[in-house]
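One-letter residues, chain by chain:
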Amino acid sequence: MRFIRILAAVLILILIVAVGFFALAWRSEIEPVAAADPSSFSEDLVQQGARLAAVGNCIACHTVPGQPAFAGGLALPTPFGTIHSTNITPDPETGIGNWSEEAFQRAMREGVDREGRHLYPAFPYDHYTRVTDEDNRALYAFLMTREPVRSTPPENDLPFPYNLRPILAGWKLLFLDEGPFQPDTAQSEEWNRGAYLAEGLGHCGACHTPRNRFGAVESDRHFGGGEAEGWQAYAINANSPAPIPWDTDSLAFYLRNGWHQWHGVSRGPMAEVTGNLGLLPDSDIVAIATYVASVMGEPDEARRARAEELMAQAAEGPGEVQAAPAVDTQAGAGNPQDRGALIYASACAGCHNGSKPQPFGGLRFSLSTAVNAPNPQNIVNVVLFGLPPSDGQASAVMPAFANVLSDQDVADLLAHMREQYSDAPAWENLVDLVARTRSGDYKVVILPADGIERGPENIGASDGAEE
Amino acid sequence: MAISLNVNGETHEVDVDPATPLLYVLRNDLELNGAKFGCGLGQCGSCTVVVDGAAVLSCVTPVSLMEGREITTVEGLGTIEEPGPLQTAFIEMQAAQCGYCIPGMMMSAHALLTRNQQPSDREIRDALMTNLCRCGTHMRIMAAIRRAGELMQQAAAPSERRAG
């Protein structure tokens, strides 16, 4: 009897937990609607939506390079498996054409699709939840006026239990801080505008803040540096590894132009970001820069003095290249530092110690965040794969050295650069990192230096008309 | 330093400063003047040669790393008397105007056609992305590369029949 009573109690408990979880996880379906008539949206609203979509960089994830814009299907590798982005064109069957504005607002706010299914946080609704209803309305108008594309993205490739969407309700309970942006009344209007854009649609922290083992951003290490698509997203708080500290002016110039004379060119996924921001008015760019610069804070006296020194050196003209010593250059023989110096002198110095200014010349490595960063991944990526040119316009370029330099060569070169151009400690396990990057074991996305919509042949979206 | 280079199937012993880029050794020491000095910064592609099957920019390639590698320059694609398929196609399509970029274009195309003799226009454009031409013969260069692919396939076809 006692056994049966215990069993009953356990069963009831399980039932209560199950009902509780169901109540937590269940979201209602929002009725499908007939596709909105594009002419029902005002031109101003659509334009505003276009600018906001650029801030959100929606196109980058929701487009396969070279395929129609916003049609989804891009594979996003995550530590939990591969997620494919959805089709957010207004196609009623395969896109979001039958979503009402209410359904769109809910997806942005709560990370739930029209049918009530939880969305994976690869869609950064932990940031988008800050977006105002008004801005979501404009985004909805923009998306509903795009060319509908009939295209079903591949299924996600997620192992159990990550393939069960209801568990996302638990994730949200732990990590989703739902609700609109709360302005800080102690700060200026400009700062608050910047914070709203950067923390909301801009979702800077999705890459620039580290994530915990559940894939949630670690809010106590805000802007402390993370990674995206095989690239290090540097710390953009007080720990920024940039040799010359950023300020509002340099950030604004960089975000507007995709390069800065003391910092070099944006590349990897950041190239898409700076490319997209071209649609924004200067006031919004300056607002974002104001906010991010304030998160970084004022550099201390030592850092400022070091920066002055570096800028003065760089202004003096071509830096000195360490004379290449005559050594046996066969891999494994000789002093690795010397091999690195030798490779540097013949492969790198021509541009990087040359007189051509940014963005078409090579950046002095003493100014390079990549060479001064704690993790060498970005400089490995650039050495191996270069910076491809964009189509039909002048852009920063760099040759790829994957077919010239062996893993050991790259490792020796980078060890030399780290020694020569940074005070930071030597990097470890370089050969292994280079080998994994070259083999694709560590997957890296390579993009030209310009924005996605300006370089459709190489990277971005076609407008659907071409192919 | 003394270094042994394998260029167009021949071995050359040269004694050069180890920091020298490959291009200078090809032109000055080996007198293979096909590869051109354009920008010297790896930005224009006129110095392109093929190393172990891949197109590389010889003006930023350390010669010290080239020992044991198989280097092919435009001179290795054929002779005046017996031009190779790429050279034949470029002549046939009159793809050169001033011609300065052409050896580099041909070598990028050579690396592509060795892998794929029926490249799409997109694949040709991607392979030649790092080669600049200031005269504007791009469309003829594209046509010549497509033609060279055909010539290579025709040359390969009879032997395949024999083999079959």
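Residues numbered from 1 in each chain as written. Chains lettered and ligands numbered in written order. Predicted model: local features only at pLDDT ≥ 70, side-chain atom pairs only at ≥ 80, totals over all residues.

- The name recorded for chain B in an unreviewed UniProt entry is (2Fe-2S)-binding protein, from Chelativorans sp..

## Some words on the confidence of the model for chain B
1) Next: With 96% of its residues at a pLDDT of 70 or more, chain B has an overall mean of 94.
2) Next: On the interface metric, ipTM, the complex scores 0.93, and its pTM is 0.90. (pLDDT = per-residue confidence, 0-100.)

## A look at the interface of chain A and chain B
1) Next: With 18 residues of chain A at the contact, the number on the chain B side is 20 residues.
2) Next: Of the residues forming the side of chain A that touches chain B, the biggest block, 7 residues, is contributed by helix α14 (residues 336-352) of chain A.
3) Next: In terms of residue class, the side of chain A that touches chain B is made up of 13 nonpolar, 4 polar and 1 charged. (Contact = placed C-beta atoms within 7 Å. Helix = DSSP H or I, 4+ residues; strand = E, 2+ residues; numbered from the N terminus. Nonpolar A, V, L, I, M, F, W, Y, C, P; charged D, E, K, R; others polar.)

## Overview of the domain arrangement of chain A
1) Next: The domain boundaries assigned to chain A delineate domain 1 (30-175) and domain 2 (334-454).
2) Next: Taken over C-alpha atoms, the centre of domain 1 of chain A sits 36 Å from the centre of domain 2 of chain A. (Domains from an automatic or database assignment.)

## Quick look at the sheet that holds strand β1 (residues 2-7) of chain B
Residues and elements named next belong to chain B.
1) Next: Strand order in the open sheet formed by 5 strands is β2-β1-β5-β3-β4, with mixed pairing between adjacent strands. Two strands bound the open sheet, and with one partner strand each, they are β2 (10-15) and β4 (54-57). The mean angle between the axes of side-by-side strands here comes to 40 degrees, regardless of whether they run parallel or antiparallel.
2) Next: With 4 bridges joining them, strand β3 (residues 48-51) and β4 adopt antiparallel strand pairing. In the strand pairing of β4, V49 is matched with V56.
3) Next: Each of β3 and β4 touches helix α3 (residues 102-115); the most contacted strand, β3, lies at about 30 degrees to it. (Pairing = 2+ DSSP bridges. Axes fitted to C-alpha atoms, helices over the stretch in contact; angles between N-to-C directions.)

## Brief notes about the packing of helix α4 (residues 101-110) of chain A against helix α6 (residues 133-144) of chain A
Residues and elements named next belong to chain A.
1) Next: Between α4 and α6, whose axes approach to 10 Å, the crossing angle comes to 120 degrees. The orientation of α4 with respect to α6, classified from their angle, is oblique. Crossing hand, α4 versus α6: right-handed. For the pair α4 and α6, contact is made by E101, F104, Q105 and M108 and by D133, N136, R137 and Y140, respectively.
2) Next: Of the residues that constitute the contact of α4 with α6, the class distribution is 3 nonpolar, 2 polar and 3 charged. (Parallel < 35°, antiparallel > 145°, perpendicular 65-115°, else oblique. Left-handed = near helix turned anticlockwise from the far one by under 90°.)

## So, unusual backbone geometry
All names here are of chain A.
1) Next: Note that the residue after F160, namely P161, is joined by a cis bond; omega there is 5 degrees.
2) Next: On the secondary structure map, P161 appears in the loop between α6 and α7 (167-175).
3) Next: Backbone geometry places N429, a non-glycine residue, at a positive phi of 55 degrees.
4) Next: You can see N429 is positioned in the loop between α17 (407-421) and α18 (430-439).

## Some remarks on the packing of helix α16 (residues 377-385) of chain A against α17 of chain A
Residue and element names in this part refer to chain A.
1) Next: Here α16 crosses α17 at 130 degrees, and the two axes come no closer than 11 Å. In terms of their interaxial angle, α16 and α17 are classed as oblique. Crossing of α16 against α17: the hand is right-handed. Where α16 approaches α17, its residues I379, V380, V383 and L384 are matched on the opposing element by V410, L413 and L414.
2) Next: Here the residues of the contact of α16 with α17 are counted per class, giving 7 nonpolar, no polar and no charged.

## Section: the environment of A198 of chain A
1) Next: By the secondary structure assignment, A198 of chain A is in helix α8 (residues 189-199).
2) Next: Once residues within four sequence positions are removed from consideration, A198 of chain A is found in contact with C204, I288, Y291 and V292 of chain A.

## Notes on the pairing of β2 of chain B
Residue and element names in this part refer to chain B.
1) Next: In terms of burial, β2 is a largely surface element, 0 of the 6 residues being buried.
2) Next: Here 6 bridges tie β1 to β2, and the two strands are oriented antiparallel to one another. Across the sheet, the residue bridging to V7 is E10, located in β2.
3) Next: Taking the residues between adjacent antiparallel strands as the criterion, β1 and β2 are bridged by 2 residues, where N8 takes a positive phi near 50 degrees. (Buried ≥ 20, exposed ≤ 12 C-beta atoms within 10 Å, placed from the backbone.)

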